Amino acid sequence: MSAGSRGFRERRVCVLRCRFCAQVLSARGMKAVLLADTDVDLFSTDIPPTDAVDFIGRCYFTEICKCKLKDIACLKCGNIVGYHVIVPCCSCLLSCNNGHFWMFHSQAVYDINRLDSTGTNFLLWGNLPEIEENTDEDMLDVSAEECIR
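Rules used throughout
Residues numbered from 1 in each chain as written. Predicted model: local features only at pLDDT ≥ 70, side-chain atom pairs only at ≥ 80, totals over all residues. Heavy atoms only, no water. UniProt positions renumbered as here; feature names shortened; annotations may be inferred. Pairing = 2+ DSSP bridges. Helix = DSSP H or I, 4+ residues; strand = E, 2+ residues; numbered from the N terminus. Buried < 20%, exposed > 50% of the residue type's maximum accessible area, 1.4 Å probe, protein only.

- Per an unreviewed UniProt entry, the chain goes by Protein FAM72A and derives from Equus asinus asinus.
- Database annotation for the chain, UniProt heading Sequence similarities (unreviewed entry): "Belongs to the FAM72 family."

Laid out in C-alpha cells, this is it:
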C-alpha cells in the first residue's frame, strides 16, 4: 500500500452541512485540497448528494486546469455550496486523487466529524462501507418540518 492510499484511509469522515441553513449535504464528507491549487481548502464526497443539492448555471472550465465543472446549490436555501467535476482533465486524473468529484467550498459548508459504531472513536475512511444508506435519523437530525414537505 502506498503512503498516499494509507493517508486517505486514515482521514476522518464528516457530515457536511450548509453554512447558510444547516441542511445536511453529505454524510460522507472529507477535508480535501484542490489538486490544481493546493492552497485552496475544500471538502469532498464520493457519492452524489442528489437529495441535498442540484446543478445551477452553466458548465465552465478553470484557468488552472481543463476540468469541466458545474456549480451545485443547496436545495433548501438555494445558495451555491460547491461544484461537481463533470469531466476531469487528464492532468487531474493522473495526479494523486481520491476519486471524489463532488466538491464543497469551505466558506459555504461546515463539517462535523462522524463517530464509529462504538461512539467513541472518529470514523475513518478506511472503515467506511463503500455504499452506505443515509437512514440514521439521529445523524441527519431531520426536523419534523422537513419530513412533512
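This is not the end of the story, as more comes after the structure.
## Quick notes on the pairing of strand β7 (residues 80-87)
Alright, step 1. Bridge analysis of strand β6 (residues 68-74) against β7 gives six bridges, and the strand direction is antiparallel. Of the residues in β7, the one forming a bridge with leucine 69 is valine 85.
Alright, step 2. Counting the residues that bridge the hairpin from β6 to β7 gives five residues, and of these glycine 78 lies at a positive phi of roughly 85°.
Alright, step 3. Across three bridges, the pairing between β7 and strand β8 (residues 102-105) is antiparallel. When the sheet's bridge partners are listed, histidine 84 is paired in β8 with tryptophan 102.

## A few points about the pairing of strand β1 (residues 14-18)
Alright, step 1. Most of β1 is tucked away, with five of its five residues classed as buried.
Alright, step 2. Judged by which residues are buried, β1 turns out to be covered on both faces: Cys14, Leu16 and Cys18 on one side and Val15 and Arg17 on the other are all buried.
Alright, step 3. Where β1 lies against strand β9 (residues 109-113), five bridges are found, and the strand directions are antiparallel. Its bridge partner being in β9, cysteine 18 is matched across the sheet by valine 109.

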